[in-house]
Structure formats: C-alpha cells, structure tokens
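Each chain is listed here by its residues.
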Amino acid sequence: MEHRKLAFIGAGNMSRSLISGLIQSGYPADAIMAVNPSRPKLDALAADFGIHTSQNNAEAANWAQALVLAVKPQMMATMLEALVRSTGGLDGKLLISIAAGISVTRLEQMAGQSRIVRTMPNTPSLLGLGMTGLYAREHVEQADRDYCEQMMQAVGKTLWVAQEDGINQVIAAAGSAPAYFFLFMEAMATEAVKQGFTEQEARLLVQQTALGAANMVAANPDTSLGDLRAQVTSKGGTTAEAIRSFQQQGLEQLVADAMAAAVARARELETQL
Ligand SMILES: NC(=O)c1ccc[n+]([C@@H]2O[C@H](COP(=O)([O-])OP(=O)(O)OC[C@H]3O[C@@H](n4cnc5c(N)ncnc54)[C@H](O)[C@@H]3O)[C@@H](O)[C@H]2O)c1
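Definitions and cut-offs
- Residues numbered from 1 in each chain as written.
- Predicted model: local features only at pLDDT ≥ 70, side-chain atom pairs only at ≥ 80, totals over all residues.
- Heavy atoms only, no water.
- UniProt positions renumbered as here; feature names shortened; annotations may be inferred.
- Buried < 20%, exposed > 50% of the residue type's maximum accessible area, 1.4 Å probe, protein only.
- Helix = DSSP H or I, 4+ residues; strand = E, 2+ residues; numbered from the N terminus.
- Contact = heavy atoms within 4.5 Å.
- Axes fitted to C-alpha atoms, helices over the stretch in contact; angles between N-to-C directions.
- Parallel < 35°, antiparallel > 145°, perpendicular 65-115°, else oblique.
- Nonpolar A, V, L, I, M, F, W, Y, C, P; charged D, E, K, R; others polar.
- Near = heavy atom within 4 Å.
- Polar contact = N/O pair within 3.5 Å; in protein donor to acceptor, adjacent residues only side chain to side chain.
- Areas by Shrake-Rupley, 256 points an atom, 1.4 Å probe, with all protein chains shown as cover.
- Pairing = 2+ DSSP bridges.
- Right-handed = clockwise from strand over helix to strand, strands pointing away.

Under an unreviewed UniProt entry, the protein chain has the name Pyrroline-5-carboxylate reductase and belongs to Oceanisphaera psychrotolerans. In the Function (unreviewed entry) part of its UniProt record, the protein chain is described as follows: "Catalyzes the reduction of 1-pyrroline-5-carboxylate (PCA) to L-proline." If you open the UniProt record of the protein chain and go to Subcellular location (unreviewed entry), you find "Cytoplasm".

With that settled, consider helix α7 (residues 165–175). Given 3.6 residues per helical turn, the α-helix brings residues three or four places apart onto the same face. Regarding α7, the residues found buried are Gly 166, Ile 167, Asn 168, Val 170, Ile 171, Ala 172 and Ala 174. Next to the buried residues of α7 lie β6 (116–120), β7 (130–136), α8 (177–194) and α12 (251–272).

Contact geometry of α7 with α8 gives a least axis separation of 5 Å together with a crossing angle of 30°. As the angle between them shows, α7 and α8 are arranged roughly parallel. Residues Ile 171, Ala 172, Ala 173, Ala 174 and Gly 175 of α7 form the contact with α8, whose own contacting residues are Ala 177, Pro 178 and Tyr 180. A per-class count over the contact of α7 with α8 returns 7 nonpolar, 1 polar and no charged.

Neighbouring the ligand are 22 residues; Asn 13, Met 14, Asn 36, Lys 41 and Val 71 lie closest to it. Between the ligand and the protein, one listed contact pairs an oxygen atom with a side-chain N or O atom of Lys 41 at 2.8 Å. Take Val 71: an N or O atom from its main chain is 2.7 Å from an oxygen atom of the ligand. Bound to the protein, the ligand loses 81% of the 830 Å² it would expose on its own.

Now for the UniProt feature "domain: Pyrroline-5-carboxylate reductase catalytic N-terminal" (unreviewed entry) in the protein chain. Using the residue numbers shown here, the UniProt feature "domain: Pyrroline-5-carboxylate reductase catalytic N-terminal" (unreviewed entry) corresponds to residues 5–101. A helix fraction of 43% and a strand fraction of 20% characterise residues 5–101, whose end C-alpha atoms lie 26 Å from each other.

Our focus in this paragraph is the pairing of strand β8 (residues 156–160). Two strands pair when backbone bridges link them, and β7 and β8 are joined in this way by 5 bridges, in the parallel orientation. In the sheet register, Thr 132 faces β8, and the bridge partner there is Thr 158. Crossover handedness for the path β7 to helix α6 (residues 142–153) to β8: right-handed.

Put into structure tokens, the structure is as follows:
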C-alpha cells in the first residue's frame, strides 16, 4: 500500500489499535504521527511503536497527507473548527473519520472541504483482527478509497457500504460488537467461578472456547452458523438444555433489541452533533 504521511488526531484507544496494527503490517513508523493534548499516551505510543508525536494538531495536519479524525464524536466540531482556523484550511488533505454519529455532511461543514472517507473500525484492529466499514461519497477519488481500504485491511477485514446509514449498521454488528462478546464472556466466567473454578481457570475456559468458536466459523465459510451449533448439540444432551434455556428466555430478541438500540443511538447522535 501507499505509505502516505498519516496523522492520528486524538491518541486514544482506537488510534492505538490502528497504529499498532499498521506498524505490525509494515507501515513505516516515521510516516505516522499521533497528536493528543496530553503527553502520557503520546509517550507510550512513541515508546511502543517509534512513531512521531505532537501536542499540536496544526503541526500534525501541516505535516500529514492524510488525517485520521479520532477524537470523541462530541469533541469533533470544536477540534475541527480550531484546526481549520489554525492551519488556514484543510484543502489537499484526505480526512478519514472513525467517529460514530457524525455524518459526512456535518464533517464537510466542520472541515470546510469534502475529501472525506467515513469509516467504522473496531478495537480488535490492535491485533490485526479488526472489522471496518467504509463509506465515501461518489466524488471521492478511487486512489483515496483504495488508500483507506488498504489501511484498514492492514489491520483486519473491510466492507464498503453503499449508503451512509450502512455505517450505523456496521456500528451495531461490528464497531460496538466486541463489547457484546466481552459481556457474554464475563457472564460465562462469573458463572464458572460460582460453579467452583478459580478466576484464572474460568477465564482460560471461556477465552479458549471463544477463540476456538470464532476460528471454527472463519475456517468453515460454507457451513452455516446454525449447522456449526448443531454439530455441538447432541440430541437429548447438555448443549440442547443450555440452548433451550437461552431461547426460552428470548436471547435472539435480546440481541435484536440491543443491535437496534446501537443503530438508534448512532442515528440520534447524527442529529445532535
Ligand atoms: N473505541 C472503540 O471501540 C471505537 C470503535 C470505532 C470507532 N470509535 C470512534 O473512535 C473515536 C475515538 O474513540 P476512542 O475510544 O479512541 O476514544 P478515546 O477517548 O480513547 O480517545 C480520544 C482521544 O482524543 C484526545 N483528544 C481530545 N480532544 C482532542 C483534541 N482537541 N485534539 C486532539 N486530541 C484530542 C483525548 O485526549 C483522547 O486521548 C470516537 O469518535 C469513536 O466514536 C471508537
């Protein structure tokens, strides 16, 4: 992939995930800069990855060819307005937003230009196992689309969405979703401890099983999720009882409601920010 000079504005959890994945994939450290108001996260990134760091957004924007907009959605307007003022404008820069709940139209208003790709990554990017949705308006050039896609493919898998609202559905199915699996694993580990395992043993049991299950899904693309479940579920056996208990208590509806709530919140943020 092209190694454009790339600045991350906001050096939080998500930037760390992306930077780590990019470095592991061979993106040169001296083509990456991270910016944050305070030093500790910058010092850790410099120590871990050898990238450039700065506390000055304008310095990073002037240096970079592409900017990853990685502040909290509620900070985006303040940050971009200050950046436009202090740089005299962001023309010529590719802007890559990773923020939930901020539409391309709003980003265009805030940034004063429209060379924008909106993306929705997730934290497993840290390990090169991310899942990122991408969206861009028609006028965005193929070279910019390719760059963003390759950048996100360096840290995992990618999916373009044709309509901007598709990003909100990516949030529900992937961006927010690592937390659903963590919640499920927390609940399992808690119960395993109640049943007599130590915390360490419970974590091992749950972690290795989740890893194995996810890998089985990835290794068997032609087998449906239902069939993989059926392979574990002996007739009249233990799994059938556990699944019956989940289904009687409405697990599918709970999941549907939770994903719909994530989409609704993303849409609500788009009207507020
Ligand atoms: N965490 C996730 O799982 C995830 C997944 C997908 C997308 N996102 C999006 O990524 C963005 C960042 O989320 P995060 O979880 O990394 O948040 P975070 O709070 O960990 O990081 C944000 C960073 O921005 C810094 N910051 C605040 N104001 C700034 C400014 N004016 N200029 C430069 N830096 C500034 C903060 O100090 C902080 O380090 C959000 O918009 C979120 O919607 C997060």
